[in-house]
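Descriptive analysis of the structure
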Amino acid sequence: NNSLMKRIFSTRIIAIIGGMCYSIYLLHLAIISLVGRAMIKYDVEINSPLLVFLVGAILALIVLVISSIYFLLVEKPFMKPMGMREREREREGEGG
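Residues numbered from 1 in each chain as written. Predicted model: local features only at pLDDT ≥ 70, side-chain atom pairs only at ≥ 80, totals over all residues. Heavy atoms only, no water.

Looking at the nonpolar core
- Core analysis: the biggest nonpolar cluster contains 6 residues, these being Met20, Ile24, Leu27, Ile31, Val63 and Phe71.
- Tallying contributions element by element places helix H3 (residues 21-41) first for this core, with 3 residues.
- Excluding residues that lie within four positions of it along the chain, Leu27 makes contacts with Ile66, Ser67 and Tyr70. (Core = buried A, V, L, I, M, F, W, Y, C linked by side-chain atoms within 4.5 Å. Buried < 20%, exposed > 50% of the residue type's maximum accessible area, 1.4 Å probe, protein only. Helix = DSSP H or I, 4+ residues; strand = E, 2+ residues; numbered from the N terminus. Contact = heavy atoms within 4.5 Å.)

Here you go:
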């Protein structure tokens, strides 16, 4: 149902994850690759559907945590609301 989808996608956690989507996009492959290489190095075997699910859930959590840190420390400090950008441009035009 449309209203169910609207309620799901308007929840706070989905909105937060949506705001971090670029950070997630940038980092997910590197994180998954790094974990995969570590699993190969230490000969970790995933031989049941439950383990596949658990590893996937843990990887998703790791990606979200690292992406959150990256978003807060790198991406967010460089963001400015659109109104602030326009006011800065107007001030620059007045001074020149």
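Comments concerning H3
- Here H3 contains 21 residues, and its C-alpha end-to-end distance of 30 Å stays within 8% of the 30 Å for a straight helix at 1.5 Å per residue.
- Along H3, the sharpest kink reaches roughly 40 degrees, centred on Leu27.
- Buried within H3 we find Ser23, Ile24, Leu27, Ile31 and Met39.
- On its buried face, H3 is in contact with helix H2 (12-19) and helix H4 (49-75).
- Count one or two residues on from H3 and you reach Asp43, which has phi positive near 55 degrees. (Expected span 1.5 Å × (residues − 1). Bend = angle between axes of the 7 residues up to and from the residue.)

Some words on the confidence of the model for the protein chain
- Counting all residues, the mean pLDDT for the protein chain is 89, and 91% of those residues have values of 70 or more.
- Of all the helices and strands in the protein chain, helix H5 (residues 82-95) carries the lowest mean pLDDT, 70, while H3 carries the highest, 96. (pLDDT = per-residue confidence, 0-100.)

Observations regarding unusual backbone geometry
- Here Asp43, not a glycine, exhibits a phi torsion of approximately 55 degrees, which is positive.
- Within the secondary structure layout, Asp43 lies in the loop between H3 and H4.
- You can call Asp43 exposed: its relative accessible area is 59%.

A closer look at the packing of H3 against H4
- Close contact between H3 and H4 brings their axes to 9 Å; oriented N to C, the two are set at 135 degrees. With respect to H4, the element H3 is oriented oblique. For the pair H3 and H4, the crossing hand works out as right-handed. Contact residues: H3 offers Tyr22, Ser23, Ile24, Leu26, Leu27, His28, Ile31, Ile32, Val35 and Met39, while H4 offers Val55, Leu59, Ile62, Val63, Leu64, Ile66, Ser67, Tyr70, Phe71 and Glu75. (Axes fitted to C-alpha atoms, helices over the stretch in contact; angles between N-to-C directions. Parallel < 35°, antiparallel > 145°, perpendicular 65-115°, else oblique. Left-handed = near helix turned anticlockwise from the far one by under 90°.)

Description of the side chain of Ser23
- With respect to the helices and strands, Ser23 occurs in helix H3.
- Setting aside chain neighbours within four positions, we find Ser23 in contact with Ser67, Tyr70, Phe71 and Glu75.

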